[in-house]
Amino acid sequence: MSVFNSKIPEGPLAQKWTNYKDHQKLVNPSNKRKLDVIIVGTGLAGASAAASLGEMGFNVKNFTIQDSPRRAHSIAAQGGINAAKNYPNDGDSVYRLFYDTIKGGDYRAREANVYRLAEVSNSIIDQCVAQGVPFAREYGGLLDNRSFGGAQVSRTFYARGQTGQQLLLGAYQALMRQVNAGSVKMYTRNELVEIVLVEGKARGIITRDLVTGKLERHFGHAVVLATGGYGNTFFLSTNAMGSNGSAAVKAFHKGAMFANPCMAQIHPTCIPVHGEFQSKLTLMSESLRNDGRIWVPAKKEDAEAIRAGKLKPTQIAEEDRDYYLERRYPAFGNLVPRDVASRAAKERCDAGYGVGTGLAVYLDFKSAIDRLGKDVIEARYGNLFQMYEKIVDDNPYETPMMIYPAIHYTMGGIWVDYELQTNIPGLFAAGEANFSDHGANRLGASALMQGLADGYFVLPYTIQNYLADDIRTPRMTTEEKEFVEAEKAVKDRFEKLLSIQGQRSVDSIHKELGLVMWDFVGMGRNAEGLKKAVKRIAEIKKEFWTNVRIPGNKEGMNVELEKASRLADFIEIGALMARDALDREESCGGHFREEYQTGEGEALRQDDKFAYVSCWEYKGEDAEPALHKEELVYEFVEMLQRNYK
Amino acid sequence: MEKTINLTLKVWRQNGPKEKGRFETYQVSNISTDSSFLEMMDILNEQLVGENKEPIAFDHDCREGICGMCSLYINGRPHGPDEDITTCQLHMRKFKDGETVTIEPWRAAAFPIIKDLIVDRTAFDKIIAAGGYVSVNTGGVPDANAIPIARPAAEEAMDAAACIGCGACVAACKNSSAMLFVSAKVSQLALLPQGKVEAKRRAKAMVSKMDELGFGGCTNTGACEVECPKSISIAHISRLNREYLKSRLSE
Ligand SMILES: Cc1cc2nc3c(=O)[nH]c(=O)nc-3n(C[C@H](O)[C@H](O)[C@H](O)COP(=O)(O)OP(=O)(O)OC[C@H]3O[C@@H](n4cnc5c(N)ncnc54)[C@H](O)[C@@H]3O)c2cc1C
Ligand code: SF4
Ligand code: FES
């Protein structure tokens with residue numbers, strides 16, 4: 001039995017959200033001005049929520065660690081955003097988008113949440129176009145669509161290879177309009193370092209000004225965390241360098257449930273690792289799989305010759321190439337979902353057919369260029385090809401790209417109910433920071449959709465339902481003891497970090513954590529490895545807290561101190577991911593337990609035992625976290641084995 | 001092909017906004033030519049931490065050339081010696097073994113230094129807040145396909161919208177003018193029917209905010225266009241001037 005109420009509204013699937021909106025409580029305009037809402041994060045989720053709540057008349061305070069809200073990690077999204085518009089008339093519908101998303105997530109998401117996501121998807125596109133987002137268009141002047149993995153329809157809207165940038169700039173501009181109007185106050189280079197609870201409700205946060213080093217207290221009637229995902233636990237990932245899981249850990253330590261921490265997505269098409277000083281991995285958008293064909297040599301000796309630099313990929317004859325996705329999955333081919341494509345690449349490389357360093361496969365555009373012409377390919381992917389060439393020093397119009405899977409996105413996150421509220425009243429989570437819509441695997445172009453759905457079209461309703469009961473709560477002064485104590489705890493923590501004065505740099509410890517994560521909590525997991533990971537992470541934690549070296553002090557800007565504080569939290573998350581992966585004795589989506597696979601090497605779910613969301617509760621510094629289960633009850637779709645053959 | 005190089009680095013160090021800055025010289029060795037410029041900086045910082053010295057502060061985040069957070073004036077050029085890229089996309093194969101590389105922050109009155117190589121670019125946000133948007137609220141907007149937009153206009157708007165707000169144009173300009181940045185936004189929105197409605201007002205508001213914040217005037221040197229990592233064309237400046245003129249004429 002679930003210990004929490006997910007607050008799914010009554011009624012048939014397609015009516016739930018309407019029912020909710022028809023019966024929720026509202027706040028009248030004069031009361032809105034008296035209510036303060038803290039929104040942490042200015043990515044798609046945070047910026048869209050802050051702009052919308054500001055427009056509605058709430059008093060919003062918005063925080064970001066970057067120097068400008070426009071630089072949030074969402075800016076880097078390349079490929080596109082899904083919506084059920086069915087403009088191409090290829091059979092799409094809200095139901096089909098819902099169904100593809102829940103199936104893509106390997107039946108580990110809530111039906112009602114996913115349906116709502118599909119339902120509001122069309123409004124997102126309307127909104128963005130009204131803001132002046134320059135989506136790609138056809139010659140007739142109407143919007144163009146492309147296909148993405150896990151779907152047989154074309155429903156992805158895009159702005160060249162810079163969709164995230166354009167969507168974020170649209171939200172950012174709406175946000176700056178509210179800053180100008182005085183309804184949103186913006187705090188840049190400001191990091192949330194603690195959440196303040198008063199009488200069990202979230203009532204504020206403590207932040208560190210990253211320029212002055214000063215700790216500041218902020219009151220809010222409600223607090224929204226839109227702080228993104230925790231993929232950087234792995235050190236190397238496609239996430240921006242500053243992406244972090246700290247806000248989620250602060251919430252966890254205050255009693256919020258951390259849901260499905262082990263559900264992380266490995267993206268199949270990233271530029272392979274080149275050396276030990278590599279700082280991040282660059283994604284090559286999944287949209288490339290529309291026109292690129294993935295292959296490795298069919299003969300081991302060819303693969304060996306390529307690795308030794310004796311053969312070039314262009315010298316391998318057509319019949320000596322193994323287009324393994326087309327071979328194994330004829331129905332979806334190169335467009336199988338990400339988890340399937342990633343594991344297939346690993347399987348070929350582990351079997352000795354990898355190219356480059358041995359951990360790479362080819363993504364080849366030759367047949368697309370022959371068919372469509374170089375200029376068409378250039379118009380579609382020009383900036384991605386340029387990016388590849390600048391990094392690798394190879395021309396992908398002439399030689400196939402080399403790619404390999406990398407950590408990309410985290411489906412797990414802070415547990416929220418249908419209203420995007422955590423189990424702490426007044427604390428909400430939106431965007432990648434929550435766990436809600438993608439189950440065990442996220443489909444391409446669905447994160448942008450979810451971030452904007454949460455911020456533009458869900459939170460503005462659900463947060464009112466909460467705040468309507470709070471209109472008589474006056475603004476609190478931040479001299480209250482809860483604020484004072486929270487600030488003191490943060491100060492002590494920073495002083496402790498600075499006092500260690502050990503031998504190891506923050507990055508060297510983070511890399512060590514990353515390797516453990518990649519080896520044991522990565523693409524292929526098993527009980528033995530996960531147990532080893534739990535043990536190794538505990539050792540790394542000890543090493544960190546006794547041997548890290550942070551030069552400088554807590555006054556003024558101190559980048560090493562920022563990184564150390566985030567690493568301490570990544571270590572917590574890493575341990576939680578390993579523990580959760582160990583508990584989940586099944587394979588589903590991005591979580592692949594080697595013990596649970598079909599004869600053909602596909603993921604084998606155990607619906608009778610694991611059709612639940614795992615919710616982890618913090619039990620104190622040295623205690624093991626407790627597991628609670630939110631049962632996933634499917635009323636409308638049948639849990640099937642995913643089949644992309 | 002990968003090889004390794006040794007370099008002498010002359011790096012601007014400055015403790016805080018009001019403190020005096022100076023160049024410090026550092027040596028780095030065995031840098032793989034396949035690593036990026038910022039990875040080279042990471043290596044130097046690891047070295048400094050090892051010596052118990054404070055690492056060099058520099059801005060960066062996405063490391064893919066899209067967030068606009070990285071900056072750096074490298075050997076006298078914003079974003080360094082390669083074309084059409086940001087500093088984070090610059091690779092060490094562009095440097096020669098034994099070379100001395102000078103690294104400075106953006107220098108412009110409107111971008112004060114915060115620490116070492118980090119400058120404050122919030123002035124750009126203030127310019128956008130002054131009018132760089134379409135005034136629509138969430139909800140209640142028409143269907144996305146209600147207004148067709150000719151593909152060339154949409155493409156040109158996208159060219160302008162590609163600006164990442166890095167500030168290289170300001171750093172490259174002897175007048176520290178922000179005209180390329182401002183014109184890119186004015187142009188993008190003026191090209192689209194959704195933004196056309198407010199075009200004049202927008203141009204006027206953004207330009208007067210830019211002047212107020214201490215950016216210099218544009219004298220058409222074209223240096224901005226040369227250094228812009230996203231190839232934003234100075235043709236947008238002409239469009240901005242037209243919109244601005246219209247706004248003055250209609251006063
Ligand atoms: C390279 C790449 C390409 C992608 N492409 C696509 C795509 O084509 N389609 C798609 O749908 N999805 C894509 N994704 C996924 C998608 O971009 C992200 O999931 C999504 O943008 C997350 O948005 P968000 O608003 O939740 O968080 P983010 O954009 O990560 O924003 C987090 C915000 O929180 C702030 N923050 C974080 N911690 C703190 C703190 N402690 N204190 C204060 N502020 C804090 C940050 O400053 C930032 O403003 C891609 C991801 C990557 C990495
Ligand atoms: S116009 Fe070019 S140089 Fe100037 S901020 Fe934009 S991208 Fe940077
Ligand atoms: S770090 Fe984002 S553009 Fe360079």
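In every chain, residue numbers begin from 1 and rise along the written sequence. The lettering of chains begins at A and the numbering of ligands begins at 1, in the order of writing. In keeping with the model being predicted, local features are shown solely for residues with a pLDDT of at least 70 and side-chain atom pairs are shown and tallied solely at 80 or more, while totals for entire chains, interfaces and linings include all residues. Excluding hydrogens and water, the side-chain values take into account all heavy atoms of the structure.

Chain B is annotated in an unreviewed UniProt entry as Succinate dehydrogenase of Sunxiuqinia dokdonensis.

Looking up chain A in an unreviewed UniProt entry gives the name succinate dehydrogenase, with the organism given as Sunxiuqinia dokdonensis. UniProt positions are given in the numbering used here, feature names are shortened, and annotations may be inferred rather than shown by experiment. Recorded under Sequence similarities (unreviewed entry), the UniProt text for chain A is reproduced unchanged: "Belongs to the FAD-dependent oxidoreductase 2 family. FRD/SDH subfamily." UniProt, in the comment section headed Cofactor (unreviewed entry), describes chain A in these words: "FAD".

Undergrad: What should I look at first to understand the sheet that holds strand β5 (residues 100-104) of chain B in this one?
TA: In a beta sheet, neighbouring strands are held together by backbone hydrogen bonds and run either parallel or antiparallel to one another. Residue and element names in this part refer to chain B. Ordered in space as β2-β1-β5-β3-β4, the five strands form an open sheet in which the pairing is mixed. The open sheet has two edge strands with one neighbour each: β2 (22-32) and β4 (77-78). Strand contacts of helix α1 (residues 37-50): β1 (4-13), β2, β3 (73-74) and β5, with the helix running at about 110° to β2, the strand carrying the most contacts. Pairing between strands requires that DSSP locate at least two bridges from one strand to the other. To qualify as a helix, a DSSP run of H or I must reach at least 4 residues; to qualify as a strand, a run of E must reach at least 2; elements of each kind are numbered from the N terminus. Any pair of residues with heavy atoms lying within 4.5 Å of one another is described as a contacting pair. To obtain each axis, a line is fitted to C-alpha atoms, and for helices this fit is confined to the stretch in contact; angles are then taken between N-to-C directions over 0 to 180 degrees.

Undergrad: Any chance you could explain the pattern of salt bridges here in plain terms?
TA: Any two side chains of opposite charge can pair, given that their charged atoms come close. By salt bridge we mean one thing: a side-chain nitrogen of Lys or Arg within 4 Å of a carboxyl oxygen of Asp or Glu. Summed over the entire model, instances satisfying the criterion amount to 79 salt bridges over all chains. D569 of chain A serves as the salt-bridge partner of R493 of chain A, at 3.2 Å between the closest nitrogen and oxygen. Here the residue R493 of chain A occupies a position in helix α14 (residues 481-500), and D569 of chain A occupies one in helix α17 (residues 559-583), the gap between them amounting to 76 residues. Residue D569 of chain A is classed as buried on the basis of its relative accessible area, which comes to 2%. Between R121 of chain B and D59 of chain B there is a salt bridge, and its shortest N-O distance comes to 3.5 Å. Placement of the pair is R121 of chain B in the loop between β7 (118-119) and α2 (122-129) and D59 of chain B in the loop between α1 and β3, with a sequence separation of 62 residues. In this pair, the class of R121 of chain B matches that of D59 of chain B, namely buried. Taken together, the shared-partner salt bridges in this structure form one network comprising D106, R108, R584, E586, R605 and D607 of chain A. Accessible area is worked out with a 1.4 Å probe on protein chains only. A residue is then buried under 20% of its type maximum, exposed over 50%, and partly exposed in between.

Undergrad: In this structure, what is going on with the packing of aromatic side chains? I would like to understand it.
TA: Remark: the centre distance and the inter-plane angle together describe each pair of aromatic rings, the angle taken between the planes. Stacked, edge-to-face and tilted are the three classes for Phe, Tyr and Trp ring pairs, Trp counted by its six-membered ring, which pair at centre distances within 6.5 Å; planes under 30 degrees apart are stacked, over 60 edge-to-face, the rest tilted. Under the defined criterion, the tally for this structure stands at 30 aromatic pairs over all chains. Two conditions define a charge located above a ring, namely a distance within 6 Å from the ring centre to NZ of Lys or CZ of Arg, and an angle within 35 degrees of the ring normal. It is K374 of chain A that lies over the ring of Y397 of chain A; its NZ or CZ is 4.6 Å from the centre. Geometry around Y139 of chain A places R151 of chain B over its ring, the cationic atom sitting 4.3 Å from the centre.

Undergrad: Would you take a moment to explain the site of ligand 1 for this structure?
TA: Residues and elements named next belong to chain A. Note on definitions. A residue lies near a molecule or strand when any single heavy atom of the residue is within 4 Å of it. Neighbouring ligand 1 are 37 residues; Q66, S74, L192, E432 and L448 lie closest to it. Within 3.5 Å is the distance limit for a polar contact, defined as a pair of N or O atoms, with the added protein rule that one can donate a hydrogen and the other accept it, and that residues adjacent in sequence qualify only through two side-chain atoms. In this structure, L44 approaches ligand 1 through a main-chain N or O atom, which is 3.1 Å from an oxygen atom. One of the side-chain nitrogen or oxygen atoms of T64 is found 2.9 Å away from an oxygen atom of ligand 1. To be clear on the numbers: accessible area is Shrake-Rupley with a 1.4 Å probe, and residue cover counts the displayed protein chains and nothing else. Bound to the protein, ligand 1 loses 98% of the 1000 Å² it would expose on its own. Within the residue set of the shell around ligand 1, elements represented by two or more residues are α3 (44-56), β6 (190-198), β15 (401-410) and α13 (447-467). Of the residues forming the shell around ligand 1, the biggest block, three residues, is contributed by β6. Side-chain classes follow a simple rule in which Ala, Val, Leu, Ile, Met, Phe, Trp, Tyr, Cys and Pro form the nonpolar group, Asp, Glu, Lys and Arg form the charged group, and the remainder, Gly included, forms the polar group. Classifying every residue of the shell around ligand 1 gives 15 nonpolar, 19 polar and three charged.

Undergrad: Which parts of the structure should I look at to understand the domain arrangement of chain A?
TA: One frequently used descriptor of interface size is the decrease in accessible area upon assembly of the parts. All names here are of chain A. In this entry, domain limits derive from an automatic or database-based domain assignment. Partitioning chain A into domains gives domain 1 (267-406) and domain 2 (481-623). The C-alpha-based centres of domain 1 and domain 2 are spaced at 31 Å. Counting residues at the interface gives 11 residues for domain 1, matched by 10 residues for domain 2. Roughly 790 Å² is buried in total at the junction of domain 1 and domain 2, and carbon and sulfur atoms are behind 56% of that figure. We define buried area as the total accessible area lost by two parts upon association, computed with a 1.4 Å probe and summed across both.

Undergrad: I would appreciate a short explanation of the packing of α3 of chain A against α13 of chain A in the present structure.
TA: The axes of two packed helices give the description: the angle between them and the distance between them. Residues and elements named next belong to chain A. Contact geometry of α3 with α13 gives a least axis separation of 8 Å together with a crossing angle of 35°. The hand of the α3/α13 crossing is right-handed. Packed against α3, whose contacting residues are L44, A45, S48, A49, S52, L53 and M56, the element α13 presents L448, G451, L452, G455, Y456, L459, P460, I463 and Q464 at the interface. By convention the crossing between two helices is left-handed if the near helix lies anticlockwise of the far one by an angle smaller than a right angle, and right-handed if it lies clockwise.

Undergrad: What exactly am I supposed to notice about the UniProt feature "domain: FAD-dependent oxidoreductase 2 FAD-binding" (unreviewed entry) in chain A here?
TA: When the UniProt feature table is mapped onto this chain numbering, "domain: FAD-dependent oxidoreductase 2 FAD-binding" (unreviewed entry) sits at residues 36-448 of chain A. Each end of residues 36-448 of chain A is marked by a C-alpha atom, and these two atoms are 26 Å apart; helix forms 31% of the span and strand 19%.

Undergrad: What's the story with unusual backbone geometry in this structure? I'm lost.
TA: Only a minority of non-glycine residues have a phi that is not negative, and only a minority of peptide bonds are not trans. Residues and elements named next belong to chain B. Phi at R63 is positive, roughly 55°, even though this residue is not glycine. Tracing the chain through its elements places R63 in the loop between α1 and β3. Of note, the phi angle at N75 is positive, near 45°, even though the residue is not glycine. Mapped onto the fold, N75 is located in the loop between β3 and β4.

Undergrad: I'm lost on the interface of chain B and chain A in this one. Help?
TA: With 75 residues of chain B in contact, the opposing surface of chain A contributes 73 residues. A buried area of about 6300 Å², summed over both sides, lies between chain B and chain A, and 52% of it is on carbon and sulfur atoms. Looking only at chain B, the three residues that lose the most surface to chain A are E64, R151 and M158 of chain B, adding up to 11% of its buried area. Viewed at the interface, chain A and chain B are joined by eight salt bridges. Of the charged contacts in the structure, one is a salt bridge between R160 of chain A and E155 of chain B, with a shortest N-O distance of 2.9 Å. Our count for the chain B to chain A interface comes out at 49 residue pairs in polar contact (both at pLDDT 80 or more).

Undergrad: Is there a simple way to think about the domain arrangement of chain B in this case?
TA: All names here are of chain B. Entries for chain B in the domain assignment read domain 1 (4-114) and domain 2 (122-249). The C-alpha-based centres of domain 1 and domain 2 are spaced at 29 Å. On the domain 2 side, the residues contacting the 18 residues of domain 1 number 19 residues. In total, about 1300 Å² of surface goes out of reach between domain 1 and domain 2, with carbon and sulfur atoms giving 56% of it. The interface formed by domain 1 and domain 2 includes one salt bridge. For the pair domain 1 and domain 2, the number of links is four residue pairs in polar contact (both at pLDDT 80 or more). Here the side of domain 1 that touches domain 2 is composed, by residue class, of 10 nonpolar, five polar and three charged.

Undergrad: How do you make sense of the sheet that holds strand β19 (residues 626-631) of chain A when you look at a structure like this?
TA: All names here are of chain A. In space, the four strands of this open sheet follow the order β16-β10-β18-β19, with antiparallel pairing throughout. Two strands lie at the open edges of the sheet, namely β16 (413-414) and β19, each paired on one side alone. In terms of strand pairing, strand β10 (residues 258-259) meets strand β18 (residues 612-617) through two bridges, oriented antiparallel. Counted as the bridge partner of A259 is C615 from β18.

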